[in-house]
Amino acid sequence: SVSRAIKPFAEPGRPPDWFSQKHCASQYSELLETTETPKRKRGEKGEVVETVEDVIVRKLTAERVEELKKMIKETQEKYRQLKKDAELIQAGHMDNRLEELCNEIMM
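Residues numbered from 1 in each chain as written. Predicted model: local features only at pLDDT ≥ 70, side-chain atom pairs only at ≥ 80, totals over all residues. Heavy atoms only, no water.

Peer 1: Mind showing me how you'd approach the overall build of the protein chain here?
Peer 2: Assigned secondary structure in the protein chain consists of 4 helices and 0 strands. Starting at the N terminus, the α and β elements of the protein chain follow one another as α-α-α-α. Each of the 107 residues in the protein chain was classed as buried or not, and the buried ones make up 9%. A total accessible area of about 10100 Å² is found for the protein chain, and carbon and sulfur atoms account for 56% of it. (Helix = DSSP H or I, 4+ residues; strand = E, 2+ residues; numbered from the N terminus. Buried < 20%, exposed > 50% of the residue type's maximum accessible area, 1.4 Å probe, protein only. Areas by Shrake-Rupley, 256 points an atom, 1.4 Å probe, with all protein chains shown as cover.)

See below:
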């Protein structure tokens, strides 16, 4: 059921069997094996103890946040460069490169 639920969020280029139940189960098992088990503490009754699943979720969330920050930074840099190029084109400073730029855009 998990494999079907996450399929719409797939990254491009994943093989067709990436979301098979068998592959998802093996990936989850690998995560469980490589994640450090939190130490149980003796404490008051009703104290919330962090589970392995909680550790995995926290770790994967932090990784994804970093990926998204990197993507945002790259997109912002690309936007700045395109805006700068557009201003140079409008000012007439890139008239000698217009044909080359058009070919790059077409590709």
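Right, picking up where we left off after that structure.
Peer 1: What is the right way to read the pattern of salt bridges from this model?
Peer 2: Between side chains of opposite charge, pairing is possible as soon as their charged atoms come close. Scanning all chains against the criterion turns up 4 salt bridges. For the salt bridge of Arg64 with Glu67, the shortest nitrogen-to-oxygen distance reads 2.8 Å. Of this pair, Arg64 and Glu67 both sit in helix α3 (residues 52–91), 3 residues apart, which is roughly one turn of that helix. Looking at Arg64, the relative accessible area reads 39%, which means it is partly exposed. Residues Arg97 and Glu100 are paired through a salt bridge, measuring 3.5 Å at the closest nitrogen-oxygen approach. The class of Arg97 is partly exposed, set by a relative accessible area of 33%. (Salt bridge = Lys/Arg side-chain N within 4 Å of Asp/Glu carboxyl O.)

Peer 1: Even after reading the chapter, I still don't get α3, so can you show me in this structure?
Peer 2: Counting along an α-helix, one turn takes 3.6 residues, and residues three or four places apart therefore face a common direction. Compared with the 58 Å implied by 1.5 Å per residue over 40 residues, the 59 Å span of α3 between its first and last C-alpha is a close match. Val52, Val55, Ile56 and Asp85 are the residues of α3 that are buried. Of the surrounding secondary structure, the elements contacted by the buried residues of α3 are α2 (21–34). Just past α3, the residue Gly92 takes up positive phi, approximately 85°. (Expected span 1.5 Å × (residues − 1). Contact = heavy atoms within 4.5 Å.)

Peer 1: Quick question: what am I supposed to make of the confidence of the model for the protein chain here?
Peer 2: Should the pLDDT be low somewhere, the predicted coordinates at that spot are not to be read in detail. The pLDDT averaged across the protein chain works out to 83; a share of 90% of its residues lies at or above 70. Of all helices and strands in the protein chain, the one with the weakest mean pLDDT is helix α1 (residues 2–6) (73), whereas α3 scores best (92). (pLDDT = per-residue confidence, 0-100.)

Peer 1: Can you help me understand the packing of α2 against α3 in this one?
Peer 2: Geometry of a packed helix pair, given as the angle between the helix axes and the separation of the axes. For the pair α2 and α3, interaxial distance at closest approach is 10 Å and the crossing angle is 100°. Classified by the interaxial angle, the pair formed by α2 and α3 is roughly perpendicular. On α3, the residues touching Tyr28, Leu31 and Leu32 of α2 are Val52, Glu53, Ile56 and Leu60. Its residues assigned to classes, the contact of α2 with α3 shows 6 nonpolar, no polar and 1 charged. (Axes fitted to C-alpha atoms, helices over the stretch in contact; angles between N-to-C directions. Parallel < 35°, antiparallel > 145°, perpendicular 65-115°, else oblique. Nonpolar A, V, L, I, M, F, W, Y, C, P; charged D, E, K, R; others polar.)

Peer 1: Before we go on, may I ask you to explain a nonpolar patch on the surface in this structure?
Peer 2: Together, Val2, Ile6 and Phe9 make up an exposed nonpolar region whose accessible area comes to about 330 Å². Assignment of secondary structure puts Phe9 in the loop between α1 and α2. The class of Phe9 is exposed, set by a relative accessible area of 68%. (Patch = residues over 30% accessible without salt bridge, like charges linked within 9 Å, V, L, I, M, F, W, Y side chains within 5 Å.)

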